[in-house]
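Examining the three-dimensional arrangement
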Amino acid sequence: MASGYDRVEVPEDGAPIEVVDPATDELDVPDNPIIPIIYGDGIGSDVGPAAQTVLQAAAEATGRKIHWMRLYAGESAREKYDENLPADTVEAMNEFTVSIKGPLTTPVGAGFRSLNVALRKKLDLYTNMRPTFHLDGVPSPVSRPEQMDMVTFRENTEDVYAGIEWESGSEGVKKVREFVESEMGYDDTMHDGPIGIGIKPISEFGTKRLVRKAIDYALEHDRDSVTLVHKGNIMKFTEGAFRDWGYEVAEEEYGDEVITEDTLWEERDGEPPEDAVVVNDRIADNMLQQVLTRTSQYDVLALPNLNGDYLSDACGAQIGGLGIAPGANIGDGLFLAEPVHGSAPKYAGQDKVNPSAMILSGRIMLEYLGWHDAAELVRDALEETISAKQVTYDIERQISGGTKLSTSDFAGKVAETIHDLA
């Protein structure tokens, strides 16, 4: 373990998490791990400490203790160090293996590129995983939100995240346009006048390692299916290739554990072998409809980056919104939990927002550590607290007879319920 960094204080107590096998995410986790945490921008200063309260309660209730290591990125790093993402922050997250962070602000149209994307790229966290499930007591816009129980696996390093684009009026866009029209022969594709151009790379390497994560998860968690979601009917050589490469992984690497939908109907009349995962595919726009109309038929979704962004948010809406939607970013032997929602700066420091997404992201982290008993305590206590109508303002205003709690009081109530349930 490192003795320290210039801009990171390593806890004196606690032990590091060791990676046994990066290929399988196998870890050696002590009962007193050091876990880095970035509160993040805006409401991160509220939801970060709230999540710590709940996760520490779950750890202690199961005979463990987390030693938190505070890291800085975004606004807090600019205030302390006059930079957005200190190298020590990235190095510490890499060394200590498992981390959690709150939201970081991404400007629209101008300013620095996304710090969230920068972290994912620097640490090669190529999988964005979002489990989406309904908690009793949370208001939902759909009539049967309990049918939503999907896990999306979104590719995290290419597609639109590759960031290859040229601004309208720039010398770069002029060169690219001339090349595409003159050298490649697409001289009647683009409209006249100012134009922005972007390139959307999707690779075999990036696709296959993402699909492996999705299939491995389905097998480990006893899920029935993995659905490849793409727009390959139009973008045949990017998203169509994503589909084809995904099927190659399923057919060539998993033997009898996995069966494709075509084989299922051609050889077995639609009856899957026992314990096998069925791999199928759906067109992205149709899938946006299917998550509403045939919600219970889908388990795990594997998607390119942009499709994954759309679909996971659409799924989150069905369980009550992004305020309770958790997420995590996973690489080979590295893990970073983070909520789906943004930084909501207008609510920063008011101790009023719902910390459930950050708490549930921490629950994914506990599962990744192998602390399944602690993870279940978090979910059960959170659901019991919400069902008892002890809630933050966003839920209280949608229900009758609720008690409105601050962010910190809500976290304290969930922690108290954890100890009652343990």
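In what follows, the accompanying structure is described.

Parameters and conventions
- Residues numbered from 1 in each chain as written.
- Predicted model: local features only at pLDDT ≥ 70, side-chain atom pairs only at ≥ 80, totals over all residues.
- Heavy atoms only, no water.
- Core = buried A, V, L, I, M, F, W, Y, C linked by side-chain atoms within 4.5 Å.
- Buried < 20%, exposed > 50% of the residue type's maximum accessible area, 1.4 Å probe, protein only.
- Helix = DSSP H or I, 4+ residues; strand = E, 2+ residues; numbered from the N terminus.
- Contact = heavy atoms within 4.5 Å.
- Salt bridge = Lys/Arg side-chain N within 4 Å of Asp/Glu carboxyl O.
- Axes fitted to C-alpha atoms, helices over the stretch in contact; angles between N-to-C directions.
- Parallel < 35°, antiparallel > 145°, perpendicular 65-115°, else oblique.
- Left-handed = near helix turned anticlockwise from the far one by under 90°.
- Nonpolar A, V, L, I, M, F, W, Y, C, P; charged D, E, K, R; others polar.
- Patch = residues over 30% accessible without salt bridge, like charges linked within 9 Å, V, L, I, M, F, W, Y side chains within 5 Å.
- Areas by Shrake-Rupley, 256 points an atom, 1.4 Å probe, with all protein chains shown as cover.
- Lys, Arg positive; Asp, Glu negative; His and termini not counted.
- Charge placed at Lys NZ, Arg CZ, Asp CG, Glu CD.
- Pairing = 2+ DSSP bridges.
- 1 Å grid on protein atoms, 1.4 Å probe; cavity = no way out; pocket = protein on both sides within 12 Å on 5 of 7 lines; lining within 4 Å.
- Points joined across faces, edges and corners; volume = space filled by probe spheres on them.

**Here we look at the nonpolar core**
Ranked by internal contacts, the top residues of the largest apolar core, which has 88 residues, are Ile215, Val226, Phe335, Met365, Leu366 and Ile418. The element best represented in this core is helix α1 (residues 44–61), accounting for 8 residues. Residues in contact with Met365, not counting those within four places in the same chain, are Ile35, Leu55, Trp68, Val98, Ser99, Ile100, Phe335 and Ala337. One finds Ile38, Leu85, Ala92 and Leu123 within the second-largest nonpolar core, a separate group that totals 20 residues.

**Re the pattern of salt bridges**
If you walk through the whole model with that rule in mind, you get 25 salt bridges. With a shortest N-O distance of 2.9 Å, Arg209 and Asp124 are connected by a salt bridge. A residue pair is termed long-range when its members are at least 10 positions apart, and Arg209 in helix α6 (residues 204–220) and Asp124 in the loop between α4 (115–122) and β6 (127–133) qualify at 85 residues. For Arg209, a relative accessible area of 11% puts it in the buried group.

**Looking at the packing of helix α11 (residues 356–368) against helix α12 (residues 372–387)**
Running from N to C, α11 and α12 point in directions that differ by 160 degrees, and their axes come no closer than 7 Å. In terms of orientation, α11 lies roughly antiparallel with respect to α12. Crossing hand, α11 versus α12: left-handed. Counted together, Ser356, Ile359, Leu360, Arg363, Leu366 and Glu367 of α11 and His372, Ala374, Ala375, Glu376, Val378, Arg379, Leu382 and Ile386 of α12 form the full contact between these two elements. Across the contact of α11 with α12, the residue classes break down as 8 nonpolar, 2 polar and 4 charged.

**Here's the deal with a negative patch on the surface**
A cluster of acidic residues, Glu251, Glu252, Asp262, Glu266 and Glu267, forms a negative patch on the protein surface. Looking at the negative patch, the elements that each hand over two or more residues are α7 (239–253) and α8 (261–268). If you tally residues by element for the negative patch, the top one is α8, at 3 residues. The exposure class of Glu266 is exposed, given its relative accessible area of 64%.

**Overview of the pairing of β6**
On any regular strand, side chains alternate: one points to one face of the sheet, the next to the other face. Among the 7 residues of β6, 7 are classified as buried, and the element is accordingly described as predominantly covered. Bridging between β6 and strand β7 (residues 149–155) involves 7 bridges; their strand directions are antiparallel. Paired with Asn128 across the bridge in β7 is Arg154.

**Focus: the pairing of strand β10 (residues 225–230)**
Counting buried residues in β10 gives 6 out of 6 residues, a clear majority hidden from the surface. Side-chain alternation along β10 places Ser225, Thr227 and Val229 on one buried face and Val226, Leu228 and His230 on a second face that is also buried. Taken together, the 6 bridges between β10 and strand β12 (residues 277–283) define a ladder with parallel strand orientation. The partner of Val229 across the bridge, within β12, is Arg282.

**Focus on the layout of surface pockets**
In this model, the second largest pocket occupies a volume close to 610 Å³. As for the second largest pocket, its lining consists of 25 residues, and the residues nearest its centre are Thr24, Asp25, Lys213, Glu220 and Tyr368. Secondary structure elements with two or more residues in the lining of the second largest pocket: β2 (26–28), α6 and α11. Per-element tally for the lining of the second largest pocket: the top contributor is α6, with 6 residues. Classifying every residue of the lining of the second largest pocket by side-chain character gives 12 nonpolar, 4 polar and 9 charged.

**A short note on the sheet that holds β12**
Paired through backbone hydrogen bonds, the strands of a sheet run either parallel or antiparallel to each other. Taking strand neighbours across the sheet as the criterion, the 11 strands line up as β4-β3-β5-β15-β14-β6-β7-β13-β10-β12-β11 in an open arrangement whose pairing is mixed. Since the sheet does not close on itself, it has two edges, and those belong to β4 (67–71) and β11 (258–260), each with one partner. Between one strand axis and the next, the sheet turns by 25 degrees as a mean value, whatever way the strands run. Relative to strand β15 (residues 335–337), strand β14 (residues 328–330) runs antiparallel, the two being bridged by 3 bridges. Residue Ile330 lies in a different strand from β15, and its bridge partner there is Phe335.

Remember, this is a structural readout, not a statement about activity or role.
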